[in-house]
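Residue-level listing of the chains:
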Amino acid sequence: MPEALTIPKPVSEPAPQTTTPATYHILTWGCQMNEEDSEQMSLYLEQMGYQHTKEAANADIVLLNTCSVRAKPEEKVWSELGRLKEAKEQRPEMIIGVCGCMAQVEAKALKQRAPHINLIVGTGNISAIPSLVRRLKGGEQDIEAIEPLSHKSKPLTKITLTALDLPARKGAIVTDIPARKVERTPKLKAHVPIMYGCDKFCTFCIVPYTRGRERSRPTTEILTEIEGLARNGTKEITLLGQTVNSYGKNLAEGRVPFAALLEQIDAIPGLRRIRFTSPYPRDFTDELIAAIARLGKVCKHVHLPLQVGDDDLLKEMHRGYTTAQYYEIVRKLREQVPGIAISTDIMLGYPGETEEQFRNTLAMVEAIRFDFAYMFAYSPRPNTKAAERTDQLPQPLKMARLNELIALQNRITMEINATMIGQEVEVLVEGKSQKDPSKLTGYTRTLRMVNFTVPQGGTRSAESLIGEEVPVRLQESYLTGFIGELAEPTPKP
C-alpha cells in the first residue's frame, strides 16, 4: 500500500494555520479504457493525499492521459502541453506527466518538443505512479516508465523501469496484466476492464503497439471487483476490452468464453445492467447472441465496429470478416433480440479508397440502418502498414466523403428516433439534466439519452428517483436523445 504523502504545515503566529492540500488534475482523451485508466490514476493520487482540482494550471500534479488512435487527440495534447508550459514557468515545482498510448509510442518526441514534462508513463505502469511521484518529490528530474511491448514488430520504446515483456506467440497464456485498485468511491455506473491489448493487427490501427498482445483478467478477479461495486450501489457496469468478446482465450484457468463470463456476471445480486464495448465482428459467436437474448441484465445494445462496407477494403485492412458475415450477425441479433439497438464505427478515406468503395459503404449504412454511429476520417498512425502506403487520399476528399456519410447516418438516426415517440422505456436516472435542471436525465437500455419531467403531486420527489430505473413515456425526439415524462409516480420494484 503506497504511503501517504505528508505535507508539512507552515509556521504561523500567533495561531497555527491549516495547510492547503496538494492537488491534482487529469485530462483524458480517447476511449472508455482511457477513462478507466484515468480513474485508476485518481485513486492512486487520492490515496497519497492529493485532492482533485478543476483548474489544471493551479494543480500540483497534472497528468495528460493520451490517445493515439487518431491524429486529432494528439494535436490536443500538444496544445495543452503548450499551455501548461506557461504554468510550469510560474510554478517550477508543478509535476507534469504524460500517460497512455501517446506516451507509449512517442516518449522521445514528447521530451524533445516538451522538455517541461517531468513524467512519462506507459499504458501498463499506472500502478507505478505513486512511487514515481515520490521519486520526483525526492529530487529526480525526469522519469520514464515505459514497458516494451513484444509483437510482430520491434518494441517501440526503450525499457526504463519495468521488464514487462509480453509473449510474442499469439495464443500463449499470459498472466502479466496491469495492476488495479478496486476500492472505489460508490457510484451508479462503473467501467471494468476484463482484457487488455489486441491481436488483430488491422493495418490502420496502432492499438497493438500501444496496448500489447491480448491478455485476459482471471474470472475470479473480475467477479470479485463487480461484486464489490454492486455492494456499494453500482447499478450498471460496462465491460471493457479492445476486442472485448475475444476475452478468455489465453487464461491460465482454461478458456472462458465471453458468453460464459456474461452469465456469471448476470447472477451478481444488486447489479441491474451489463454493457460491453467494443466487440469484434470476427469473434461475435452464436453463443454470444444467445446470451444477449437470454440474460436479463445484459443491455439490448451492441456496438459493432464495421469500419467500411466494401469487401476488398476489409481484406486490405486485415479485418477478418466480409460484409456478408457482418450482415448475418446483424440479422441474427435483430431476429433473436427484438428491439435491440446496433451502433457502429465507420472510417472513411482509407488509402486507395475508390469512389465505388465509398458508395458501397454508404449503401451498407442505408441497408442496415444503424441506430447511431461514430464516424471518422482516416488519419495515418505511425508504425502501421496503412501509413506506409503511397496512395493516401487528400484531406479535402476524405472530409467531403465523411460529411456525406454523417448526413446519411444523421437522417437514419432521426427517422428511427421519431418512430419511438409515444413508447414507454426504462431509464436509469443519473441526476438532473445539465441543460435543464427542472428535468431528470438518464439512459435507456438501448443507450439512448432521455431528459424527462416528473409530474407534480406524485408520491416520489424527483430527487428520490436518482439511481432508480423508472418508466418514461417519450414525447419528443432529437438526434442525440429524447424528452419525455415519467410514466408512473414510482419506480418499478
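Predicted, not measured: the structure shown is a model, and the values here were computed from it.

Rules behind the numbers
Residues numbered from 1 in each chain as written. Predicted model: local features only at pLDDT ≥ 70, side-chain atom pairs only at ≥ 80, totals over all residues. Heavy atoms only, no water. Pairing = 2+ DSSP bridges. Helix = DSSP H or I, 4+ residues; strand = E, 2+ residues; numbered from the N terminus. Axes fitted to C-alpha atoms, helices over the stretch in contact; angles between N-to-C directions. Expected span 1.5 Å × (residues − 1). Buried < 20%, exposed > 50% of the residue type's maximum accessible area, 1.4 Å probe, protein only. Contact = heavy atoms within 4.5 Å. Salt bridge = Lys/Arg side-chain N within 4 Å of Asp/Glu carboxyl O. Core = buried A, V, L, I, M, F, W, Y, C linked by side-chain atoms within 4.5 Å. Phe/Tyr/Trp six-rings, centres within 6.5 Å; stacked < 30°, edge-to-face > 60°. Parallel < 35°, antiparallel > 145°, perpendicular 65-115°, else oblique. Nonpolar A, V, L, I, M, F, W, Y, C, P; charged D, E, K, R; others polar. Polar contact = N/O pair within 3.5 Å; in protein donor to acceptor, adjacent residues only side chain to side chain.

Undergrad: Honestly, the sheet that holds strand β3 (residues 61-66) in this entry has me stumped. Any pointers?
TA: Two orientations exist for strands paired in a sheet by backbone hydrogen bonds: parallel and antiparallel. Taken in spatial order, the six strands make up an open sheet running β2-β1-β3-β4-β5-β6, and their pairing is parallel. Of all strands in the sheet, those bounded by a partner on one side alone are β2 (51-52) and β6 (143-145). Relative to β2, strand β1 (residues 23-28) runs parallel, the two being bridged by two bridges. Paired with Y24 across the strands is H52, a residue of β2.

Undergrad: Is there a simple way to think about the sheet that holds strand β12 (residues 301-303) in this case?
TA: Spatial strand order, β12-β13-β14: three strands in an open sheet with parallel pairing. Edge positions in the sheet fall to β12 and β14 (372-377), since each of these pairs with one other strand and no more. Geometrically, the sheet is characterised by an average inter-axis angle of 10° between neighbouring strands, direction not taken into account. Pairing of strand β13 (residues 341-348) with β14 involves six bridges; the strand directions are parallel. Looking across to β14, one finds that M347 is bridged to F376.

Undergrad: What's the story with helix α11 (residues 323-336) in this structure? I'm lost.
TA: Over its 14 residues, α11 extends 20 Å from the first C-alpha to the last, a length consistent with the 20 Å expected when each residue adds 1.5 Å. If you check which residues of α11 are buried, you get T323, Y326, I329, V330, K332 and L333. Turning to α11, the residues buried within the fold contact α9 (286-294), β12, α10 (311-316), β13 and α12 (355-368).

Undergrad: Sorry if this is basic, but what is going on with the pattern of salt bridges here?
TA: Tallying each qualifying case throughout the model produces 38 salt bridges. Note that K332 and D286 form a salt bridge whose closest N and O atoms lie 2.8 Å from each other. With a gap of 46 residues between them, K332 in helix α11 and D286 in helix α9 connect regions that are remote in the sequence. By relative accessible area, D286 is classed as partly exposed at 48%.

Undergrad: Can you walk me through the pairing of strand β16 (residues 440-444) in this structure?
TA: Consecutive side chains of a regular strand alternate in pointing toward one face of the sheet and then the other. Counted residue by residue, β16 has four buried out of five residues, so it is predominantly covered. Strand direction decides the pairing type here: strand β15 (residues 424-432) and β16, joined by five bridges, are antiparallel. Note that in β16 the partner of K432 across the bridge is L440. Note that β16 and strand β17 (residues 449-453) share four bridges and pair antiparallel. Paired with T441 across the strands is N451, a residue of β17. Hairpin remark: β16 followed by β17, antiparallel, with four residues in the connecting loop; positive phi at L447, about 65°.

Undergrad: Hey, could you run me through the nonpolar core in this one?
TA: In summary, soluble globular proteins display a tendency toward joint burial of nonpolar side chains. L239, F258, I265 and I292 are the most contacted members of the largest nonpolar core, which totals 72 residues. Not counting residues within four places of it along the chain, the set of residues in contact with L239 comprises V192, I194, I226, V244, F258, L262, I265, I274, R275, F276 and T277.

Undergrad: What is the right way to read the packing of aromatic side chains from this model?
TA: Two descriptors summarise a pair of aromatic rings, namely the distance from one centre to the other and the angle between the planes of the rings. In the structure shown here, the tally under the stated rule is seven aromatic pairs. Measuring from centroid to centroid gives 6.1 Å for Y280 and Y321, while their planes differ by 75°, and the two rings are edge-to-face. Here the residue Y280 occupies a position in the loop between β11 (273-277) and α9, and Y321 occupies one in the loop between α10 and α11, the gap between them amounting to 41 residues. Overall, the relative accessible area of 4% leaves Y280 in the buried class. Taking the centre distance of 6.2 Å and the plane angle of 90° together, the rings of F372 and Y374 count as edge-to-face. By relative accessible area, F372 is classed as buried at 18%. In this structure Y374 comes out as partly exposed when scored by relative accessible area, which is 43%.

Undergrad: I would appreciate a short explanation of the packing of α12 against helix α13 (residues 395-418) in the present structure.
TA: Any two packed helices are characterised by how steeply their axes cross, that is the angle between the axes, and by the distance between the axes. At a minimum axis separation of 10 Å, α12 and α13 run at an interaxial angle of 10°. Classified by the angle their axes make, α12 and α13 are roughly parallel. Here α12 contributes E355, F358, R359, L362, V365 and E366 to the contact with α13, which in turn contributes R401, E404, L405, L408, Q409, R411 and I412. In terms of residue class, the contact of α12 with α13 is made up of six nonpolar, one polar and six charged.

Undergrad: Whenever I open this one, the environment of N417 confuses me. Can you help?
TA: You can see N417 is positioned in helix α13. For N417, a relative accessible area of 3% corresponds to the buried category. For the pair N417 and L479, spaced 62 residues apart in the sequence, the C-alpha separation amounts to 7.5 Å. With residues up to four places along the chain from it excluded, the contact list for N417 reads R448, S477, Y478, L479 and F482. A distance of 2.8 Å separates a polar atom in the side chain of N417 from the backbone oxygen of Y478.

Undergrad: Help me understand unusual backbone geometry in this model?
TA: The phi angle of most residues is negative, glycine excepted, and most peptide bonds adopt the trans form. Cis geometry is found at the peptide bond from T277 to S278, where omega equals -10°. Topologically, S278 is positioned in the loop between β11 and α9. The residue F201 is not glycine, and still its phi comes out positive at about 55°. Tracing the chain through its elements places F201 in the loop between β8 (195-196) and α6 (207-211). Even without being glycine, N383 reaches a positive phi, approximately 70°. Tracing the backbone shows N383 in the loop between β14 and α13.

Undergrad: Mind showing me how you'd approach the environment of S464 here?
TA: Turning to its location among the elements, S464 is positioned in the loop between β17 and β18 (469-477). Sequence separation between S464 and V429 is 35 residues, and the spatial gap between their C-alpha atoms is 9.9 Å. A polar contact is formed between the side chain of S464 and the backbone oxygen of S461, at a distance of 2.7 Å.

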